Number of protein chains: 2
Amino acid sequence: MKPNFTLRLRVFNLNCWNIPYLSKHRADRMKRLGDFLNMESFDLALLQEVWSEQDFETLRQKLLPTYPAAHYFRSGLIGSGLCIFSKHPIQELTQHVYTLNGYPYMIQHGDWFCGKAVGLLVLHLSGLVVNAYVTHLLAEYSRQKDVYLTHRVAQAWELAQFIHHTSKRADVVLLCGDLNSHPKDLSCRLLKEWTGLRDAFLETRDFKGCEEGCTMVPQNCYVNKQELEPFPSGIRIDYVLYKAVSGFYISCKNLKTTTDHDPPGVTPLSDHEALMATLCVRHSPPQHGPSPTRRPVEQSPLITVLREAWTELGLGLAQAHWWATLAGYVIGLGLLLLVLLCALAVAGGTWEVVMLLFTPSVGMVLGAGAVYFFHMQEAKGLCRVQAELQQVLGRAREAQDLGLEPQPVELLGQQEGDRAEEQQ
Amino acid sequence: MKPNFTLRLRVFNLNCWNIPYLSKHRADRMKRLGDFLNMESFDLALLQEVWSEQDFETLRQKLLPTYPAAHYFRSGLIGSGLCIFSKHPIQELTQHVYTLNGYPYMIQHGDWFCGKAVGLLVLHLSGLVVNAYVTHLLAEYSRQKDVYLTHRVAQAWELAQFIHHTSKRADVVLLCGDLNSHPKDLSCRLLKEWTGLRDAFLETRDFKGCEEGCTMVPQNCYVNKQELEPFPSGIRIDYVLYKAVSGFYISCKNLKTTTDHDPPGVTPLSDHEALMATLCVRHSPPQHGPSPTRRPVEQSPLITVLREAWTELGLGLAQAHWWATLAGYVIGLGLLLLVLLCALAVAGGTWEVVMLLFTPSVGMVLGAGAVYFFHMQEAKGLCRVQAELQQVLGRAREAQDLGLEPQPVELLGQQEGDRAEEQQ
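Residues numbered from 1 in each chain as written. Chains lettered and ligands numbered in written order. Predicted model: local features only at pLDDT ≥ 70, side-chain atom pairs only at ≥ 80, totals over all residues. Heavy atoms only, no water.

Enquirer: So what's going on with the pairing of strand 8 (residues 172-178) of chain A? Which residues, and what values?
Expert: Moving residue by residue along a regular strand, the side chains alternate between the two faces of the sheet. All names here are of chain A. Burial of strand 8 is extensive: 7 of the 7 residues sit out of reach of the surface. Of the two faces of strand 8, both are covered, the one formed by V172, L174, C176 and D178 as well as the one formed by V173, L175 and G177. Sheet topology places strand 7 (residues 128-136) next to strand 8; 7 bridges connect them, and they run parallel. Following the sheet pairing, T135 is matched in strand 8 by G177. For the crossover that starts at strand 7, traverses helix 3 (residues 149-166) and ends in the parallel strand 8, the hand is right-handed. (Buried < 20%, exposed > 50% of the residue type's maximum accessible area, 1.4 Å probe, protein only. Helix = DSSP H or I, 4+ residues; strand = E, 2+ residues; numbered from the N terminus. Pairing = 2+ DSSP bridges. Right-handed = clockwise from strand over helix to strand, strands pointing away.)

What follows is the structure, encoded as structure tokens:
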């Protein structure tokens, strides 16, 4: 990258709401999405909820001239729903499937069968290494009684860790996706604090689109109005997040969302609004070693959010153990019933009663066995995240003991860049 | 790290064969392992098959004065069995659980319930960033009819990708573990070619221990002699692999395995032999930009092994589809039987026949449904790995078109280091 050179990166993000047989006007919306992407010719288009691999293939064929590189991230039984289209060659790619992703018996939600994941692609643009991540976290079906909160927090931590560990040689890190979390939700704060990623909507000075940057708005004809009643302007759960690592500075020149009249069409492209951002990367101004901030440990946002996440996971862990214990009792009851039935049969009891109760008893033992196994596995997953959080908390406290504000080191360079830009 | 400074790293690796209720002399062996580790005071001890978290805790307490840092990698229902003990503080840690890990209905093997994984810990030693990985790949129960070959190859690829993407800023990469693969097996070659890791046994000039570096030998009283019949000297399936990234050079000063008389004791520490390596890291001699090797594409070992893995995964994919189709037919048959039984009941047929056949029919549908879902998920996982291999193959071919030998770039620096050492 030459001095004074600026890399412009135009990115598009959309949760496509593409569920075969269930989503309305699916084929028409996908067709119009393809036309729009071809017309706008972004550098990168990162999509979620493209549940049909056939739809991805159709889109790939259509976008081939403008976006020669594409990838569909396969996982779980149904898939991750994630895919990307790139104008530039993909140098490397991989993915990470989240350990915890809802409950298999919540068939009405179906999240468990999806294999929600984070996909990574590495691009080399103008001599810079760009790590672009796309993800879709577990849905929030009820804000009042969010049964998936713990799993979403665990996913946010796994996402943050995946980005943290895989982006160490990247010059630019970009994360797009549907986090199913409001900006001040624990998952969102945990992700941002641990990775140092910054929110395009909060950073840009040129925003056009839905009020408060919302990406699910009541004006959208596909949105369930009742669910959005507590939020008259809508909710902001889709994000473009970014950071530049040492030596570079990134800013969001402009950010747009689609609205009910833009792009023009009979219906919107999805039940979510798309995000379109123009990012600029340039050399960072010379850094003069920012003096470490000294703050009491209680005030460090990283430590606060790590503790909060740890507590939330503890609650989930207690619940997982409670369910496993309950399932254990049901297994015991079922086995007892089976023994009684066998005794009844041997003693020459009523054959019909034995036959009638045999199936439900076996079903009870097998069903409760599956629930037991599932929640024991869930507990292991939650313990694992807690242990990782504990380790980071330990390191953060050590940093604090040395008089430094505990935060990922990469942030320091970025903040310095900000200050320099403010002065320009 | 000062010029002319050499970092010595003493590592210990053992598959502990620690299965509660099943493994012989478990408590005694763990006690002696603890004594041995305390006495030898390694920098790092990386253990596999510590299936009981309680045993880990006991060991942790015992090793605390010598190894103040320790971590147990939790995953799956039973756990990953992986844990580490370190003399030095752990800076960071995370893990990746393999997507494919055997079949749930192979209860006699139990691998599916374990959540086999790779654990990563980052250490800062003398100013160097050391990424240490510990893993345990899926077992090979029969070499003649290895039903898990495809899954093991997929695991080896995920392991290689995890190392590749998380070690980009590491100065030294170390992988220890039980790969359940012989040195020339596909999984082993794939891992080594894609990561550039080198085998301590092949590299060292000072080896002491079992013949040919074997880590499962017939002399070990816990080993099933029958299984080792085709291999009179034993098999080598446990490894210490390493590499240094640009600017540094790593070599294995000496490597030892335990034998039937060392360490002295009534019985061995495990059914596997332990590996003990002393690694030396120093500044790399100045590099003069190695001239890219020109070779026809057919001869590139990376491309060859990628192709081989792709083909193997293709076979696994065909088998997964075959099982899913078969399960689909069984589901259809079960449903037909249920409809017939309902019709028989409505028509006033024999009540006992209906009752007798109802349970097996429901069981058939549910069982086949589970098999169907499992193999569809397996197919998605295999497709995912194939797509990643395809992408790497594409990039490797592009590199070849530019006249370069396709190989991970890190290898070039390492090879240059080798040449320099040979000249000294």
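Enquirer: With reference to specific residues and values, describe the interface of chain A and chain B.
Expert: Residue-level contacts link 40 residues of chain A with 40 residues of chain B. Among the residues of chain A in contact with chain B, L77, H165 and K380 of chain A are the three that bury the most area, contributing 16% of the side total. There are 2 salt bridges connecting chain A and chain B. Here E92 of chain B and K168 of chain A are joined by a salt bridge, their closest N and O atoms 2.9 Å apart. (Contact = heavy atoms within 4.5 Å. Buried area = accessible area lost by both parts, 1.4 Å probe. Salt bridge = Lys/Arg side-chain N within 4 Å of Asp/Glu carboxyl O.)

Enquirer: How would you sum up the packing of aromatic side chains? Please name residues and give values.
Expert: In this structure the tally under the stated criterion is 36 aromatic pairs over all chains. Relative to F374 of chain A, the ring of Y103 of chain A lies with its centre 5.7 Å away and its plane at 70°, an arrangement referred to as edge-to-face. Taken together, the residues Y103 of chain A in the loop between strand 5 (92-97) and strand 6 (117-125) and F374 of chain A in helix 7 (residues 351-401) connect sequence positions 271 residues apart. Assigned by exposure class, Y103 of chain A and F374 of chain A land together as buried. Among the aromatic residues, ring-to-ring pairing joins Y103, Y105, W112, F113, Y141, Y148 and F374 of chain A together with Y372 and F373 of chain B into one connected group. (Phe/Tyr/Trp six-rings, centres within 6.5 Å; stacked < 30°, edge-to-face > 60°.)

Enquirer: Give me the relation of the copies chain A and chain B: which residues, what numbers.
Expert: Turning chain A through 180° and shifting it by 0.0 Å along the axis lays it on chain B, with an RMSD of 0.0 Å. Given the turn and translation reported, the copies of this chain are related as if by a two-fold rotation axis. Residue T166 of chain A, judged by its C-alpha, is the member of chain A lying nearest the rotation axis, at 2.3 Å. (Least-squares fit on C-alpha atoms with pLDDT ≥ 70 in both.)

Enquirer: Account for the packing of helix 3 (residues 149-166) of chain B against helix 6 (residues 301-346) of chain B, naming residues and giving values.
Expert: Residue and element names in this part refer to chain B. One can describe the packing of helix 3 onto helix 6 by two numbers: an axis separation of 9 Å at closest approach and a directional angle of 135°. Taken together, helix 3 and helix 6 sit at an angle that is classed as oblique. The handedness of the crossing between helix 3 and helix 6 comes out as left-handed. Facing helix 3, whose interface residues are L149, T150, V153, A154 and W157, helix 6 presents L306, A309, E312, L313 and G316. (Axes fitted to C-alpha atoms, helices over the stretch in contact; angles between N-to-C directions. Parallel < 35°, antiparallel > 145°, perpendicular 65-115°, else oblique. Left-handed = near helix turned anticlockwise from the far one by under 90°.)

Enquirer: Which residues make up a nonpolar patch on the surface, and what values go with them?
Expert: Where nonpolar side chains cluster on the molecular surface, the patch consists of L344, V353, L356 and L357 of chain A together with W351 of chain B and spans about 430 Å² of accessible area. Ranked by residue count, the leading element in the nonpolar patch is helix 7 of chain A, at 3 residues. (Patch = residues over 30% accessible without salt bridge, like charges linked within 9 Å, V, L, I, M, F, W, Y side chains within 5 Å. Areas by Shrake-Rupley, 256 points an atom, 1.4 Å probe, with all protein chains shown as cover.)

Enquirer: Tell me about the pattern of salt bridges, and please be specific about residues and values.
Expert: Counted by the stated rule, this structure contains 42 salt bridges over all chains. A salt bridge links R143 of chain A to D185 of chain A, with the nearest nitrogen and oxygen atoms 2.7 Å apart. On the criterion of sequence distance, the pair formed by R143 of chain A in the loop between strand 7 and helix 3 and D185 of chain A in the loop between strand 8 and helix 4 (186-195) is long-range, its members being 42 residues apart. In this structure, K256 of chain B engages D262 of chain B in a salt bridge whose closest nitrogen and oxygen atoms are separated by 4.0 Å. Overall, the relative accessible area of 32% leaves K256 of chain B in the partly exposed class. Via salt bridges that share partners, K31, D35 and K62 of chain A belong to a single interconnected network.

Enquirer: So what about the confidence of the model for chain A? Which residues, and what values?
Expert: The predicted coordinates ought not to be read in detail in places where the model reports low pLDDT. Residue and element names in this part refer to chain A. On average, residues of chain A score 89 in pLDDT, and 91% of them are at 70 or above. Looking over chain A, one finds the lowest element-wise mean pLDDT in helix 8 (residues 410-423), namely 38, and the highest in strand 4 (residues 83-86), namely 98. For the stretch residues 409-424, pLDDT sits under 50, and the model shows 26 contacts to residues farther than four places along the chain or on other chains. Reported for the predicted complex are a pTM of 0.91 and an ipTM of 0.90. (pLDDT = per-residue confidence, 0-100.)

Enquirer: Give me the lowdown on helix 7 of chain A, citing residues and values where you can.
Expert: Because an α-helix completes one turn every 3.6 residues, residues spaced three or four positions apart along the sequence face the same direction. Residue and element names in this part refer to chain A. For helix 7, spanning 51 residues, the distance from its first C-alpha to its last is 74 Å, which sits close to the expected 75 Å at 1.5 Å a residue. The largest bend in helix 7 comes to about 30°, at F358, with the proline P360 one to four residues further on. Residue G403 follows helix 7 closely and has a positive phi angle near 90°. (Expected span 1.5 Å × (residues − 1). Bend = angle between axes of the 7 residues up to and from the residue.)

Enquirer: If you had to explain the pairing of strand 4 of chain A to someone new, which residues and values would you point to?
Expert: All names here are of chain A. Here strand 4 shows no split at all, with C83 and F85 on one side and I84 and S86 on the other all buried. In the sheet, strand 2 (residues 44-50) pairs with strand 4 via 4 bridges, with the strands oriented antiparallel. Among the inter-strand pairings, L47 is bridged to a residue of strand 4, identified as C83. The pairing of strand 3 (residues 69-72) with strand 4 spans 4 bridges and is antiparallel. Bridging across to strand 4, H71 finds its partner in I84.

Enquirer: Run through the environment of F373 of chain B, naming residues and quoting values.
Expert: Examined against the element boundaries, F373 of chain B turns out to sit in helix 7 (residues 351-401). In sequence terms F373 of chain B and T166 of chain B are 207 residues apart; their C-alpha atoms lie 32 Å from each other.

Enquirer: Pulling in residues and values, what's your account of the sheet that holds strand 13 (residues 275-283) of chain A?
Expert: In space, the 7 strands of this open sheet follow the order 3-4-2-1-13-12-10 (chain A), with mixed pairing throughout. Each end of this open sheet is capped by a strand with a single partner; those strands are strand 3 and strand 10 (207-208) of chain A.

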